[in-house]
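# Chains, contacts and geometry: an overview
Below are the chains, spelled out letter by letter.
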Amino acid sequence: MHKPLSAIALAAGLAASGLAVVSSAHAQALDAAGLQAIDTAVNKVAPKMVNWRRDIHAHPELSGQEVRTAKLVAEHLKKLGMEVQTNVGGTGVVGTLRGGLPGKVVALRADMDALPVPENTGLPFASKVKANYLGKEVPVMHACGHDAHVAMLMGAAEALAGMKAQLPGTIKFIFQPAEEGAPVEADASGKVPSFGAKAMVEEGAMKDVQAIYGLHITANLPSGVVGYRSGPLMAGSDNISIQVEGRGGHGSSPWNAVDPVVAASQVVLGLQTVVSRQLNISQEPAVVTIGSIHGGTRYNIIPDNVELLGTLRTFDEGMRQEALKRITTTAEQIAASSGAKAKVRFGPVAYPVTSNPAELTAASLPALKLASGGKAMIIPKVSGSEDFSEFQKVAPGFFYFLGAPPKGADFNKAPSNHSPLFDIDEDQLPVGARTLAALAVDFLQRK
């Protein structure tokens, strides 16, 4: 998950005393009796969810390497009597639960990958795992809560499997690899291999699916609170790579060289005007960040080239295309002004905007409110990104957040996702499983 969550914390702080829920004119298919049946089934599996989460947390796997986690998931789904597909889009797993009655097809999704982050939580089940990432051995941690996502969906799967005879339709359980972005590069023809949600879609994971639901856990909402919004929720994301090529020389005589360090510095500053002066941000917000600069080997040697790496975040496809064009033009022309050249490339990570359709959002809110005990609130747009958006290209999808700061922690100050100190309140795992199960049942029952 590529997402800073300070905006969510701000919204939670403003609304903590009064949770807002959008009203809906849609008929609510899931009633209190139906929720009670789901709740009873989820509560039975709650201890298992804690055990699964801790086991997965202690054995994290990087994007595209989720072999152990996928095996754990597949074996669980098979024991529940589901049709199970493995190695979907890499290490992805899809379990299909066919209800006892005919009906629609709905999907629930969880992501499985961890991050190259050293864990500093001090938990008794903290990760000690190391793995290869971009040619280097790195520490690995579930610093984004995907261990909880897997555990919650496994719990929802078990709860719903026990209600199979009463289900009017089919539920697909999609366990996805590489949400954080697999370390892939373009081939000789310029094609970037698909990974994550996109790869699963291409291999048929969404076949016949009419709607899909997913959630993300966060320590920066009050415990048990569900955060959502209609329309753009999370930004689209594009990786930026800029190679600034100059001509090397001696640091004592820069007039005999073309200094790519100075040109690259000017490019970094110039790119700040893309958002502040070149895009119409009264339409939607946008972010351009350069997070990495590499160039040179010695204090008195002007290098031949400098590499800049960054990210673009947008909430509108038209603005995204405009930003891509302006980033390219700005970098190329600034570099050219000093005699250097800039080669701009985008990708391999390029996630569309995660946007909740108004119709599906309104139709889903009654069940979401019921399953969360009314603890649902509208949150601001999140400038982080999610490839759940790839599933939303195929069928309407609804994505939301679940607050779970560690017990005793202030959600405004709790370490956020991707922090080496990130942790959650495991008592909220049943809330996640219950809301996912409730949304699926509600969709199947709704006319």
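Right above here is the structure, for reference.
Residues numbered from 1 in each chain as written. Predicted model: local features only at pLDDT ≥ 70, side-chain atom pairs only at ≥ 80, totals over all residues. Heavy atoms only, no water.

## Digging into unusual backbone geometry
Each neighbour pair has its own omega, and for Gly 347 with Pro 348 the value is 5 degrees, a cis peptide bond. Within the fold, Pro 348 resides in strand β15 (residues 341–351). Despite not being glycine, Asp 208 has its phi angle at roughly 70 degrees, a positive value. Along the chain, Asp 208 turns up in the loop between α5 (196–202) and β7 (211–218). The exposed category is assigned to Asp 208, whose relative accessible area is 52%. Even without a glycine there, the phi angle at His 418 is positive, about 80 degrees. Looking at the secondary structure, you find His 418 in the loop between β18 (397–403) and α10 (429–445). (Helix = DSSP H or I, 4+ residues; strand = E, 2+ residues; numbered from the N terminus. Buried < 20%, exposed > 50% of the residue type's maximum accessible area, 1.4 Å probe, protein only.)

## Topic: the pattern of salt bridges
Taken as a whole and judged by the stated rule, the model has 21 salt bridges. We note a salt bridge from Arg 109 to Asp 387, for which the minimum N-O separation is 3.1 Å. Here Asp 387 lies in the loop between β17 (376–378) and α9 (388–392) and Arg 109 lies in strand β3 (residues 101–111), a separation of 278 residues in the sequence. You can call Arg 109 buried: its relative accessible area is 2%. Of the charged contacts in the structure, one is a salt bridge between Arg 326 and Glu 322, with a shortest N-O distance of 2.5 Å. With Arg 326 and Glu 322 both in helix α7 (residues 317–337) and 4 residues apart, this pair spans about one turn of that helix. Through salt bridges with shared partners, a single ionic network connects Arg 53, Arg 54, Asp 147, Asp 423 and Glu 426. (Salt bridge = Lys/Arg side-chain N within 4 Å of Asp/Glu carboxyl O.)

## Side note on the pairing of β7
When a strand is regular, its side chains alternate between the sheet's two faces. Within β7, 8 of the 8 residues are buried, leaving the element largely enclosed by the surrounding structure. The alternating pattern of β7 places Ala 211, Tyr 213, Leu 215 and Ile 217 on one face and Ile 212, Gly 214, His 216 and Thr 218 on the opposite face, and all of these are buried. Bridge analysis of β3 against β7 gives 4 bridges, and the strand direction is parallel. Directly across from Val 106, in β7, lies its bridge partner Ala 211. Of the strand pairs in this sheet, β7 and β18 are connected by 7 bridges, and their pairing is parallel. Bridging across to β18, His 216 finds its partner in Phe 401. (Pairing = 2+ DSSP bridges.)

## Side note on helix α3 (residues 67–79)
In this model α3 runs 18 Å from its N-terminal to its C-terminal C-alpha over 13 residues, within 8% of the 18 Å that 1.5 Å per residue would give. Listed in full, the buried residues belonging to α3 are Thr 69, Ala 70, Val 73, Ala 74, His 76 and Leu 77. Around the axis of α3, the buried residues are gathered within 160 degrees of arc, so they sit on the same side. Among the exposed residues of α3, those oriented more than 90 degrees off its buried face are Val 67, Lys 71, Lys 78 and Lys 79. The inward-facing, buried residues of α3 contact α2 (32–58), β1 (83–88), β2 (92–98), α4 (146–161) and β6 (168–176). Directly beyond the C-terminal end of α3, a positive phi value near 85 degrees is found at Gly 81. (Expected span 1.5 Å × (residues − 1). Arc of directions from axis to C-beta. Contact = heavy atoms within 4.5 Å.)

## Some thoughts on the sheet that holds β17
If you trace the 8 strands from one edge of the open sheet to the other, you get β1-β2-β6-β3-β7-β18-β8-β17, paired in mixed fashion. Two strands bound the open sheet, and with one partner strand each, they are β1 and β17. On average, each strand axis in the sheet is inclined to that of its neighbour by 25 degrees, with strand direction left out of account. Pairing geometry for strand β8 (residues 226–228) and β17, over 3 bridges, is parallel. Bridge assignment links Gly 227 to a residue of β17, and that residue is Met 377. (Axes fitted to C-alpha atoms, helices over the stretch in contact; angles between N-to-C directions.)

By themselves, these figures tell us nothing about what the structure is for.
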